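Below are the chains, spelled out letter by letter.
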Amino acid sequence: MNGTATLWWNKEAGSLCYIDQTSLPEKYRVVECRSVGRLVKAIGRLEIRGAPALGVAGAYGVALAAHVCPKKNIDAFLSDVSRDAEILRVTRPTAVNLGWGIDRVLQKIASADSITSARLLALGEAEAIAHEDTACCHAIGQKGADLLHDKTTLLTHCNAGALACSSWGTALGVVRSAIESGKKVNVFACETRPLLQGSRLTAWELIRDGIDVTVITDSAAAYLMRKHIIDAVLVGADRITRDVVFNKIGTYMHAVCARYHDIPFYVAAPLSTFDKQKREQDVIIEERNREEVTRMGIRCVVPDAARVKNYAFDATPMDLVTAIITERGVLHAPVNIDSVLSMKNIR
Ligand code: MRU
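Residues numbered from 1 in each chain as written. Predicted model: local features only at pLDDT ≥ 70, side-chain atom pairs only at ≥ 80, totals over all residues. Heavy atoms only, no water.

(A) Broad picture of the nonpolar core. Counting 45 residues, the largest nonpolar core has Leu-7, Tyr-60, Val-62, Phe-77 and Val-81 as the members making the most contacts within it. When contributions to this core are tallied by element, the ones reaching two or more residues are strand 1 (7-10), strand 2 (15-19), strand 3 (30-33), helix 1 (36-44), helix 2 (51-68), helix 3 (74-89), helix 4 (96-109) and helix 5 (115-145). The dominant element in this core, judged by the number of residues it contributes, is helix 2, at 12 residues. Ignoring sequence-local partners within four residues, the contact set of Phe-77 consists of Ala-66, Cys-69, Pro-70, Lys-72, Ile-115, Ala-118 and Arg-119. Core analysis: the second largest hydrophobic core is formed by 30 residues, Ala-221, Phe-265, Val-321 and Leu-331 among them. (Core = buried A, V, L, I, M, F, W, Y, C linked by side-chain atoms within 4.5 Å. Buried < 20%, exposed > 50% of the residue type's maximum accessible area, 1.4 Å probe, protein only. Helix = DSSP H or I, 4+ residues; strand = E, 2+ residues; numbered from the N terminus. Contact = heavy atoms within 4.5 Å.)

Below, the structure is given as structure tokens:
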């Protein structure tokens, strides 16, 4: 299966390269990003997206800020890099990984005694985060694969695949690992209105890897469950607090339907997605612009006078979750995240 990275550092050019996810599936396009301003735009437009990939992008973003920041005394240099990091941090408020990746690199360079060493430390830490993310996805994949039956039909929402991570994927990493271990898995991908991460990205990367995928409209999911077509729901997460799982808008609806139909609802996420400090009410749910809803290509599909609410994420109460699959192990219902929060590297 394809091990291509989603984003990587180009040492010769001193730039951050990434697959532009807004161009898929029509066009595979790699962008070379040379400034923090361009990276802020890329994250805001969802050229780079998905919680773990945002963590890696945040880390490389600080390395990029350090790389392009002009030479001066070390204190002024670190203060300029921190200012750029804060601009990056607020581009997307819901996924916890973005701030987590930024903070890891900032902490690494905080005590650097020269600009050269700060730049090297920043890049080294960003590369480590990218490699760890891939390793986490493989571990999640193997642990999640054990939960699946030999022949399984999964429903997934949004894209929690290689494109949303450094590579391999969380939810789709489970699919890949299960198939590698000889299981027969096929996937129903909800299209995921309004930006269609399911139909554009999940379908694209599964087809690239020769995995059986069927795209459905978001509103078809409940009926497929009623028809006994779906064996389990498997999604990623943007932030996991003690009380809820934040993920793409529509996830909560699938969890409610899964419970009604007695279907397991699984969440696959690395420990970097856990947030022990906040609860549901403390987290900002990103609201995006109305045009994402009112326009379909060049067509306007909503009257100008209509109000639009465009929440990018929702929150699923923990009691609807059958299990959370992490790189360290599976948390079964009743899910209590304190058991993983005591492990190191957790916020
Ligand atoms: O708005 P997006 O596309 O960044 O939202 C992404 C999701 O909701 C994913 O499901 C989540 O980040 C998990 S990715 C492994």
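(B) Broad picture of helix 4. Compared with an ideal rise of 1.5 Å per residue, which puts 14 residues at 20 Å, helix 4 spans 21 Å between its outermost C-alpha atoms and is within 8% of the ideal. Judged by how many residues are buried, helix 4 sits mostly within the fold: 11 of 14 residues are covered. Residues of helix 4 that are buried include every one of Val-96, Asn-97, Leu-98, Gly-99, Trp-100, Gly-101, Ile-102, Arg-104, Val-105, Leu-106 and Ile-109, and no others. Taken together, the buried residues of helix 4 touch helix 1, helix 2, helix 3, helix 5 and strand 8 (239-240). (Expected span 1.5 Å × (residues − 1).)

(C) Fine view of the packing of helix 2 against helix 3. Here helix 2 crosses helix 3 at 145°, and the two axes come no closer than 9 Å. When you trace helix 2 past helix 3, the crossing you get is right-handed. In contact with Gly-58, Gly-61, Val-62, Ala-65 and Ala-66 of helix 2, helix 3 contributes Phe-77, Val-81, Asp-84, Ala-85 and Leu-88. Among the residues forming the contact of helix 2 with helix 3, the class breakdown is 7 nonpolar, 2 polar and 1 charged. (Axes fitted to C-alpha atoms, helices over the stretch in contact; angles between N-to-C directions. Left-handed = near helix turned anticlockwise from the far one by under 90°. Nonpolar A, V, L, I, M, F, W, Y, C, P; charged D, E, K, R; others polar.)

(D) Region of the structure containing the pairing of strand 3. Residues Val-31 and Cys-33 of strand 3 are buried on one face, while the alternating residues Val-30 and Glu-32, pointing to the opposite face, are not. Sheet topology note: the strand 2/strand 3 ladder contains 4 bridges and is antiparallel. Looking across to strand 3, one finds that Tyr-18 is bridged to Val-31. (Pairing = 2+ DSSP bridges.)

The analysis is restricted to geometry; functional conclusions fall outside its scope.
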